[in-house]
Every structure is written in structure tokens, then in C-alpha cells.
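These are the residues of each chain, in order.
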Amino acid sequence: IAARYGFSLDALVSNNAVTTAPLVPGTMLMLPRAVDPAQAATRTVPPALDAGLALVFPDVMQGRATASGETYDPLQFTASHRDLPFGTVLLVTNPANGRSTFVRVADRGPVSQAYLMELSAAAAMALDLDPNNARAVEIRALP
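No experiment lies behind these values; they were computed from the predicted model shown.

K.L.:
Can you walk me through the pairing of strand S1 (residues 50-56) in this structure?
P.N.:
For a regular strand, side-chain orientation follows a simple rule: the groups alternate between the two sheet faces. Inspection of the sheet shows S1 paired to strand S6 (residues 135-141) by five bridges, in the antiparallel sense. From the neighbouring strand, Leu-53 faces S6, where its bridge partner is Ala-136. Alignment of S1 against strand S5 (residues 117-119), held across three bridges, turns out to be parallel. Residue pairing in the sheet places Leu-55 in a bridge with Glu-118 of S5.

Shown next as C-alpha cells:
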């Protein structure tokens, strides 16, 4: 929504009592400023930054410190990525079913180059990913 209407995600979240978790259909949002409907119709989601296999953080990680220094909480929408700066917000999409969610990069990894990223349990659930198998995802960095 933020990308489509030309707002930063932080601006949209700060104007509403929401998190970056998936919204319930019908949720009313206050936009940071008025939107020209003609301009809004031309905005598109940025192209995929990368695609690859995603893993889900193992349960044993709960409560442990991540590379950013924060504690891993499986209920937060976070991810690990080898290169992107901590705090980067990504739109992660499961191409098998079209479901998407936002995550924030909070850790480094995965160790194996065969995988693109690891997702928190909450993010994997929002995407309908099997926590026991690597699945294809696409990522988009948002402004």
C-alpha cells in the first residue's frame, strides 16, 4: 500500500495503529497525505530484487540474539539476509500462491549459499510456507 501510493512504510505505519503484519481485509488506513487518484493508479510494486529459496528459522533460535543484537522472536515479521542492511523492509512473496508479507532484516544468513534467506515463523505462516521445507520466494525492497 505504501509503495503503491508513494509513501514510506514508516509514514504509513506511524499514521495507523498497525504493524507490518498482514492486514485484515477491510482494515481502514489513514494515508499520510492526500493522493491524486490518477497518479495512484499508475504506481506499481517495484520489480523483484531477487528470488530464491527461503528457510524458516528453527525453533531453537527463539530468544537468542541475532546478528543485529535484537532477540529473535518467532512472532515478529523478521528475516535474515546475507547482504542487505539491518532494518531493510522487504516485501516477500510466495509465487506458488501469490501471498505476500513485509519483513524486516534483523539477522545475517543463511549460511548455505543455496538459500536466499530465512524467515521468522510468523512470516512463513503469513506466506503459507511449510516450516520444514525450503520454498521459493521473491523479495522486493521498498522505498
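K.L.:
How do you make sense of a nonpolar patch on the surface when you look at a structure like this?
P.N.:
Where nonpolar side chains cluster on the molecular surface, the patch consists of Ile-1, Leu-23 and Leu-31 and spans about 230 Å² of accessible area. For Ile-1, the location among the structural elements is in the segment before helix H1 (2-5).

K.L.:
How should I be thinking about the sheet that holds S1 in this particular structure?
P.N.:
Strand pairing in a sheet takes place through backbone hydrogen bonds and is either antiparallel or parallel in direction. Spatially, the six strands close up into a barrel ordered S1-S5-S2-S4-S3-S6, and their pairing is mixed. On average, adjacent strands in this sheet sit at an angle of 45° to one another, irrespective of strand direction.

K.L.:
Teacher, can you tell me more about the pattern of salt bridges here?
P.N.:
Close approach of charged atoms lets side chains of opposite charge pair. In the structure shown here, the tally under the stated rule is two salt bridges. Where Glu-70 meets Arg-104, a salt bridge forms, and the shortest distance between an N and an O atom there is 3.0 Å. Placement of the pair is Glu-70 in the loop between S1 and strand S2 (78-80) and Arg-104 in strand S4 (residues 100-107), with a sequence separation of 34 residues. The shortest N-O distance in the salt bridge between Glu-138 and Arg-140 comes to 3.4 Å.

K.L.:
Help me out: how do you make sense of the nonpolar core in this one?
P.N.:
Most often, soluble globular proteins keep nonpolar side chains buried together rather than apart. Counting 20 residues, the largest nonpolar core has Leu-90, Val-92, Val-103, Met-117, Leu-119, Val-137 and Ile-139 as the members making the most contacts within it. For this core, the elements supplying multiple residues, two or more each, are S1, strand S3 (89-93), S4, S5, helix H4 (121-127) and S6. The element that contributes the greatest number of residues to this core is H4, accounting for five residues. Setting aside residues no more than four positions away along its own chain, Leu-90 makes contact with Leu-84, Thr-101, Phe-102, Val-103, Val-105, Met-117, Ile-139, Arg-140 and Ala-141. The next biggest cluster of nonpolar side chains, apart from the first, holds nine residues, and it includes Ala-2, Ala-3, Leu-9 and Leu-12.

K.L.:
Got a minute to help me understand the side chain of His-81 in this structure?
P.N.:
Along the chain, His-81 turns up in the loop between S2 and S3. A distance of 3.2 Å separates the side chain of His-81 from the backbone nitrogen of Leu-84, its partner in a polar contact.

Criteria and cut-off values
Residues numbered from 1 in each chain as written. Predicted model: local features only at pLDDT ≥ 70, side-chain atom pairs only at ≥ 80, totals over all residues. Heavy atoms only, no water. Pairing = 2+ DSSP bridges. Helix = DSSP H or I, 4+ residues; strand = E, 2+ residues; numbered from the N terminus. Patch = residues over 30% accessible without salt bridge, like charges linked within 9 Å, V, L, I, M, F, W, Y side chains within 5 Å. Areas by Shrake-Rupley, 256 points an atom, 1.4 Å probe, with all protein chains shown as cover. Salt bridge = Lys/Arg side-chain N within 4 Å of Asp/Glu carboxyl O. Axes fitted to C-alpha atoms, helices over the stretch in contact; angles between N-to-C directions. Core = buried A, V, L, I, M, F, W, Y, C linked by side-chain atoms within 4.5 Å. Buried < 20%, exposed > 50% of the residue type's maximum accessible area, 1.4 Å probe, protein only. Contact = heavy atoms within 4.5 Å. Polar contact = N/O pair within 3.5 Å; in protein donor to acceptor, adjacent residues only side chain to side chain.

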